[in-house]
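Each chain, letter by letter, is given below.
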Amino acid sequence: MSLNKYYTLGNTGLRVSRLALGTMTFGMEWGWGADRDNAFKLFNTYVDAGGNFLDTADLYTNGTSETWLGEFIKERNLRDKMVVATKFTFNGEAGNPNAGGNGRKNILRAIEGSLKRLNTDYIDLYILHVWDGFTPPEEVMRTLDDLVRSGKVRHIGLSNVPGWYASRAQTIAEFRGYEPISALQLEYSLVERSIEHELIPLGTRYGMGIMVWSPLASGLLSGKYKPSEEWVSGEGRLAAMKGTNNPAFQKFTERNWKIISQLEVVAKKVDRSMAQVALNWIANKPGVASVIVGATKIHQLEDNLKALDFELPEELGWSLEEVSKPDIPYPYSFFQQSIQGMLYGGATVGSKPSGYFPMIETSGSGAGVNVDDNQK
Ligand SMILES: NC(=O)c1ccc[n+]([C@@H]2O[C@H](COP(=O)([O-])OP(=O)(O)OC[C@H]3O[C@@H](n4cnc5c(N)ncnc54)[C@H](OP(=O)(O)O)[C@@H]3O)[C@@H](O)[C@H]2O)c1
């Protein structure tokens, strides 16, 4: 199975599975998760298939996700083998503005809670969950660097941030000798490709591996939701979250139904589930270091874990590329051929020859284990 093929994450020497396990569904608090028995089965299915990359956050299911993950890791005695990513930013204490956000006071508070719940003395990848609109990157980067130096954190990442903010943060790290950002955790799927304009080029150039969240658009790309004249049928998170104003759950659009129709055609042609095709397609996009798969049921996870066991024929991949192409807003519209062609006096300027950016490939580091480099 493709899970025991490990890639180095971004600019680090940390080896992670191309499919990470998302644990946002560990716990019933949000109304669309898995109970403890089921969550333990999901965990076991993933690690027994060779997976080593686990994603959680301090406030997923009000802390249950981290707590159960810590218990499962302990029960299987896997702390050393697992790469654990968790996040801070959201506020779980009404009336206390410093129990959330990205200021130093909250980061230093939040990490202690995560270490306790996860029952560990270090986090492999500590991620800022969402830009808070205020805290300067200087404060965030210095605080995260302190955590790395203290031994509580191994590597750092950013999630849900503007490109300019991530770029500024990485530059500060570079020029002040702080720990650099190694991962950008972002929503990316056939129906949500906005990060291709700014954040993917940033990640690929400056050493930040993209960790994809909601690769199935919260289950939409499994094909189980069907449009009807009245509304939408199908059971799962998107139905449970009907009516919410969370942008991550606004998925029932004409554009998305078109993408799903083509996905269904492709899945039939390659005799794979729609979920596997959608995961395969996104995992093979430039810059993607790891795709975080989520599930509430074992059969879903078993389905998803087969997503990298096949190659999508080029023309079928292109048909998905075409149908899901994002609009190109300004200024990105100026980086297309129609304008760029005016820059070089009519001379043909090709892209850089492949291999222009150093690419290191290693292989065969032990029985059944391949280590590749994801710096595409
Ligand atoms: N950084 C962030 O802001 C952020 C945000 C969101 C998620 N994440 C991370 O990314 C992980 C994955 O995100 P996600 O859960 O939104 O991923 P997703 O793959 O888009 O959605 C997963 C959900 O889709 C349904 N599903 C999955 N596989 C299926 C299959 N084969 N057939 C039918 N239904 C299937 C299940 O929900 P139902 O059974 O309810 O339909 C499952 O819980 C999370 O666990 C979390 O670790 C991070």
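Everything below is about the structure shown above.
Residues numbered from 1 in each chain as written. Predicted model: local features only at pLDDT ≥ 70, side-chain atom pairs only at ≥ 80, totals over all residues. Heavy atoms only, no water.

The environment of the ligand is formed by 31 residues, the closest being Asp55, Ser214, Lys224, Arg237 and Thr296. Taking methionine 24, its main chain carries an N or O atom lying 3.1 Å from an oxygen atom of the ligand. Contact between the ligand and histidine 129: an oxygen atom at 3.4 Å from a side-chain N or O atom of the residue. Taking 910 Å² as the accessible area of the ligand by itself, protein coverage stands at 94%. Per-element accounting of the shell around the ligand gives the leading share, three residues, to helix α10 (residues 298–304). Its residues placed into classes, the shell around the ligand shows nine nonpolar, 16 polar and six charged. (Near = heavy atom within 4 Å. Polar contact = N/O pair within 3.5 Å; in protein donor to acceptor, adjacent residues only side chain to side chain. Areas by Shrake-Rupley, 256 points an atom, 1.4 Å probe, with all protein chains shown as cover. Helix = DSSP H or I, 4+ residues; strand = E, 2+ residues; numbered from the N terminus. Nonpolar A, V, L, I, M, F, W, Y, C, P; charged D, E, K, R; others polar.)

According to the stated counting rule, one finds 16 salt bridges in the structure shown. For aspartate 48, the salt bridge is made with arginine 76, and the minimal N-O distance between the two is 2.8 Å. A residue pair is termed long-range when its members are at least 10 positions apart, and aspartate 48 in helix α1 (residues 36–48) and arginine 76 in the loop between α2 (64–75) and β5 (83–88) qualify at 28 residues. With a relative accessible area of 54%, aspartate 48 lands in the exposed category. (Salt bridge = Lys/Arg side-chain N within 4 Å of Asp/Glu carboxyl O. Buried < 20%, exposed > 50% of the residue type's maximum accessible area, 1.4 Å probe, protein only.)

What follows is about the environment of leucine 199. Following the sequence through the fold, leucine 199 ends up in helix α6 (residues 199–205). Residues leucine 199 and alanine 166, spaced 33 residues apart in sequence, show a C-alpha to C-alpha distance of 8.4 Å. Contacts of leucine 199, omitting those with residues within four sequence positions, involve Val161, Pro162, Gly163, Leu184, Leu186 and Ile210. (Contact = heavy atoms within 4.5 Å.)

For the pair helix α8 (residues 254–270) and helix α11 (residues 314–323), interaxial distance at closest approach is 9 Å and the crossing angle is 175 degrees. By the angle class used here, α8 and α11 are roughly antiparallel. Contacts between α8 and α11 pair Lys258, Ile259, Gln262, Leu263, Val266, Lys269 and Val270 from the former with Leu316, Ser319, Leu320 and Val323 from the latter. (Axes fitted to C-alpha atoms, helices over the stretch in contact; angles between N-to-C directions. Parallel < 35°, antiparallel > 145°, perpendicular 65-115°, else oblique.)

A large share of strand β9 (residues 209–213) lies buried, amounting to four of its five residues. Sheet analysis places strand β8 (residues 181–187) next to β9, joined by five bridges and oriented parallel. Each residue of the ladder has a partner; that of leucine 184, found in β9, is isoleucine 210. Regarding the hand of the β-α-β motif, the stretch spanning β8, α6 and β9 is right-handed. (Pairing = 2+ DSSP bridges. Right-handed = clockwise from strand over helix to strand, strands pointing away.)

It is the contact of helix α4 (residues 137–150) with helix α5 (residues 163–176), at a shortest axis distance of 9 Å, that shows an interaxial angle of 55 degrees. In this view, α4 runs oblique relative to α5, as classed from their interaxial angle. With respect to the hand of their crossing, α4 and α5 are arranged in right-handed fashion. Mapping the contact onto sequence places Pro137, Glu138, Val140 and Met141 in α4 and Tyr165, Arg168, Ala169, Ile172, Ala173 and Arg176 in α5. (Left-handed = near helix turned anticlockwise from the far one by under 90°.)

The next thing to look at is a nonpolar patch on the surface. Together, Tyr330, Phe334 and Phe335 make up an exposed nonpolar region whose accessible area comes to about 390 Å². Topologically, phenylalanine 335 is positioned in the loop between α11 and α12 (337–340). (Patch = residues over 30% accessible without salt bridge, like charges linked within 9 Å, V, L, I, M, F, W, Y side chains within 5 Å.)

Moving on: the packing of aromatic side chains. All chains considered together, the criterion is met by 15 aromatic pairs. Taken together, Phe26, Phe40, Phe43 and Phe72 form an aromatic cluster joined through their ring pairs. The side chain of arginine 79 reaches across the aromatic face of tyrosine 122, ending 4.0 Å from its centre. A cation sits over an aromatic face here: arginine 154 above tyrosine 122, 3.9 Å from the ring centre. (Phe/Tyr/Trp six-rings, centres within 6.5 Å; stacked < 30°, edge-to-face > 60°. Lys NZ or Arg CZ within 6 Å of the ring centre and 35° of its normal.)

This part is about the nonpolar core. With 107 residues, the main nonpolar core has Phe43, Phe53 and Tyr126 as its most contacted residues. A total of eight residues in this core trace back to one element, the largest contributor, which is helix α9 (residues 274–283). Each residue touching phenylalanine 43, except ones within four places of it in the same chain, is listed here: Leu21, Phe26, Leu54, Leu69, Phe72, Ile73, Arg76 and Leu78. (Core = buried A, V, L, I, M, F, W, Y, C linked by side-chain atoms within 4.5 Å.)

So, on to the sheet that holds β5. As a general point, the strands of a sheet are linked pairwise by backbone hydrogen bonds and lie either parallel or antiparallel. Read around the closed barrel, eight strands run β3-β4-β5-β6-β7-β8-β9-β12, paired in parallel fashion. Across this sheet, the average inter-strand angle for adjacent strands is 30 degrees, counted without regard to direction. Sheet strands in contact with helix α3 (residues 104–118) are β5, β6 (123–128) and β7 (153–159), and its direction is about 140 degrees off that of β6.

Between its first and last C-alpha, α8 extends 25 Å over 17 residues, near the 24 Å set by a 1.5 Å rise per residue. Listed in full, the buried residues belonging to α8 are Asn256, Trp257, Ile259, Ile260, Leu263, Val266, Ala267 and Val270. As for α8, its buried residues are in contact with β10 (226–227), β11 (232–233), α9 and α11. Backbone geometry just after α8 places aspartate 271 at a positive phi near 55 degrees. (Expected span 1.5 Å × (residues − 1).)

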